[in-house]
Amino acid sequence: MRVVLTLSSFILGTVIGSFLSVLIYRLRYNKKHTIKSRSECVKCKETIPPFDLIPIVSYLVLRGKCRNCSTAISIYYPLVELFTGVLFAFMYVKYPFLAENGAFSGKEASLFILNIYFMSVLSFSFFYDLKYMLVSDRVLIPAILIALVSSLIPGTPNIIDSLIGALIAFTLFGVQIVASKGKWLGGGDVRIGVFMGMILGWELTLVALFMSYIVGAFSAVLTIVTGDKGAKSKVPFVPF
C-alpha cells in the first residue's frame, strides 16, 4: 500500500510539474489565459495533442522534439516534472496519511496537501530563477500568505517561530543587498527567504540558510574553476 501511494504521489507530482513547466514560460512572457489555454509548440504554434503531454514519457517518446516541426523541446520540461515528482514522493514518505491497515490520518493528509503545495512553489521558484534569474511574485506572495495562515495548523511551525524565521532571512538578505547595493542579491531572494522562514520556523531556517550558502559557494567556485563562468558572473541563488 505504501509503495503504491508513494508511486501515486510521484505520478501526481509529475503532472503538477508538467503544469508548472508551462506556467514558468507563460508567466515570464505574460501570456494570456495562463491556465486555461491549450499547450502549443513555441516554434510552429501547433496545439500539442493530449498524448504528447504525458509527463516525462512523451519527451522520451518524441526524443525531445516537436512532433510537428521537429524543434527541440527544452530539457526544462521533463526536469521540472521529474523534480516535482520526486518531491511529492518524499512528501508522502514523510506524511503517510494511509497506513498499511487502511487507517486514514486526517492530520497527516492535511500536512501532505499543504506541503506538496509548498513543494510546488519551491519547484517553480527553483526552475524560474534557474532559467530567468527572477522570482515571480504572482506565485510567491500568495504562498507567503498561505504559509502564514498554515502556522495555525498542528504539525507546522507556530506563528512566532515562522515570523522569527522570516525576520532572520529578511534581515540577512536585506543587509547584503544594502551592503552590495544590489550586486550580491536581489529583492526576489528576500521574498524567497521570507517564504523559507514562514514554512521552516527559525531553527530550520538557520540550517537551510547555512546549507544554501555552503552549496552555493561550492558551486560558484566550481563553475569559476571549470571556466563556465567568470568571478563576476551572476548565479541564481534561489535553487540553492
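Scroll up to find the structure this text is about.
About the thresholds
Residues numbered from 1 in each chain as written. Predicted model: local features only at pLDDT ≥ 70, side-chain atom pairs only at ≥ 80, totals over all residues. Heavy atoms only, no water. Helix = DSSP H or I, 4+ residues; strand = E, 2+ residues; numbered from the N terminus. Rg over C-alpha atoms; globule rule 2.2 N^0.38 Å. Buried < 20%, exposed > 50% of the residue type's maximum accessible area, 1.4 Å probe, protein only. Contact = heavy atoms within 4.5 Å. Areas by Shrake-Rupley, 256 points an atom, 1.4 Å probe, with all protein chains shown as cover. Lys, Arg positive; Asp, Glu negative; His and termini not counted. Charge placed at Lys NZ, Arg CZ, Asp CG, Glu CD. 1 Å grid on protein atoms, 1.4 Å probe; cavity = no way out; pocket = protein on both sides within 12 Å on 5 of 7 lines; lining within 4 Å. Points joined across faces, edges and corners; volume = space filled by probe spheres on them. Nonpolar A, V, L, I, M, F, W, Y, C, P; charged D, E, K, R; others polar. Disulfide = S-S within 2.5 Å. Patch = residues over 30% accessible without salt bridge, like charges linked within 9 Å, V, L, I, M, F, W, Y side chains within 5 Å. Salt bridge = Lys/Arg side-chain N within 4 Å of Asp/Glu carboxyl O. Axes fitted to C-alpha atoms, helices over the stretch in contact; angles between N-to-C directions. Parallel < 35°, antiparallel > 145°, perpendicular 65-115°, else oblique. Left-handed = near helix turned anticlockwise from the far one by under 90°. Core = buried A, V, L, I, M, F, W, Y, C linked by side-chain atoms within 4.5 Å. Phe/Tyr/Trp six-rings, centres within 6.5 Å; stacked < 30°, edge-to-face > 60°. Lys NZ or Arg CZ within 6 Å of the ring centre and 35° of its normal.

A. Spotlight on the overall build of the protein chain. Helices and strands together make up the secondary structure of the protein chain, namely 7 helices and 0 strands. Mapped in sequence order, the helices and strands of the protein chain form the string α-α-α-α-α-α-α. Relative to the globule expectation of 18 Å for 240 residues, the C-alpha radius of gyration of the protein chain, 19 Å, shows essentially globular dimensions. Its C-alpha atoms give the protein chain principal-axis dimensions of roughly 55 × 50 × 35 Å. Looking at the protein chain residue by residue over its 240 residues, the buried ones come to 38%. Excluding contacts between residues fewer than 6 apart, the proportion of contacts in the protein chain whose partners are at least 24 apart in sequence is 66%. Of the accessible surface of the protein chain, which amounts to about 14000 Å², a share of 69% is contributed by carbon and sulfur atoms. Positive and negative side-chain charges in the protein chain, numbering 22 and 12 respectively, have mean positions lying 10 Å apart.

B. Examining empty space enclosed by the protein more closely. Following the criterion strictly, the structure yields 1 cavity of 30 Å³ or more and no others. For the largest cavity, the calculated volume is near 60 Å³. Every residue along the wall of the largest cavity is listed here: S21, I24, Y25, Y76, Y77, V80 and K131. Where the lining of the largest cavity is concerned, the elements lending two or more residues are helix 1 (2-28) and helix 3 (76-94). A breakdown of the residues in the lining of the largest cavity according to their chemical character gives 5 nonpolar, 1 polar and 1 charged.

C. Representation of the state of the cysteines in the model. Going through the model one piece at a time under the given rule, you end up with 0 disulfides. Unpaired in this structure, C66 has its nearest cysteine sulfur neighbour in C69, at a distance of 3.7 Å. Overall, C66 belongs to the buried group, its relative accessible area being 13%. Judged by its relative accessible area of 29%, C69 is partly exposed.

D. The arrangement of the layout of surface pockets in detail. Counted as a void, the largest pocket has a volume near 1100 Å³. Forming the walls of the largest pocket are 36 residues, and the residues nearest its centre are M119, L122, I199, L200 and A208. Sorting the residues of the lining of the largest pocket by element identifies helix 3, helix 4 (106-132), helix 5 (137-150), helix 6 (159-180) and helix 7 (187-225) as the ones contributing at least two each. Sort the elements by how many residues they give to the lining of the largest pocket and helix 7 lands first, with 11 residues.

E. Here's a closer look at a nonpolar patch on the surface. Nonpolar side chains collect at one region of the surface, where L204, V207, F210, M211, I214, V215, V235 and F240 lie side by side and expose about 720 Å² of accessible area between them. Position of L204 among the secondary structure elements: in helix 7.

F. Spotlight on the packing of helix 3 against helix 4. Where helix 3 contacts helix 4, the two axes come as close as 9 Å, and the packing angle between them is 155 degrees. Of the possible angle classes, the one that applies to helix 3 and helix 4 is roughly antiparallel. Between helix 3 and helix 4 the crossing geometry is right-handed. The segment helix 3 lies against helix 4, with Y76, L79, V80, F83, T84, L87, F88, M91, Y92 and K94 engaging E108, F112, N115, I116, M119, S120, S123, F126, F127, L130 and K131.

G. Representation of the nonpolar core within the structure. In terms of nonpolar packing, the biggest core is built from 25 residues, with I24, F124, L140 and F195 touching the most fellow members. Broken down by secondary-structure element, the contributors of at least two residues to this core are helix 1, helix 4, helix 5 and helix 7. Residues contacting F195, with those up to four places away along its chain left out, are F118, V121, L122, L140, A143, I144 and A147.

H. Geometry of the environment of Y76. Considering the arrangement of structural elements, one finds Y76 in helix 3. Taking relative accessible area as the criterion, Y76 reaches 24% and is therefore assigned partly exposed. Once the C-alpha coordinates of Y76 and A169 are considered, the two residues, 93 residues apart in sequence, prove to be 29 Å apart. The residues touching Y76, leaving out its near neighbours within four places in the chain, are F127, L130 and K131.

I. Up close: the packing of aromatic side chains. Overall, the coordinates contain 17 aromatic pairs when judged by the stated rule. With a centroid separation of 6.1 Å and an interplanar angle of 85 degrees, the aromatic rings of Y92 and F112 are classed as edge-to-face. Of the two residues, Y92 is situated in helix 3 and F112 in helix 4; the sequence distance between them amounts to 20 residues. What makes Y92 buried here is its relative accessible area of 0%. Taking 5.9 Å as the distance between ring centres and 50 degrees as the angle between the ring planes, the aromatic pair formed by Y117 and F118 counts as tilted. What makes Y117 partly exposed here is its relative accessible area of 28%. Across the ring face of Y29, the terminal group of R28 is positioned such that the distance to the ring centre comes to 5.5 Å. Here R28 stacks its cationic end above the ring of Y132, 5.4 Å away from the centre of that ring.

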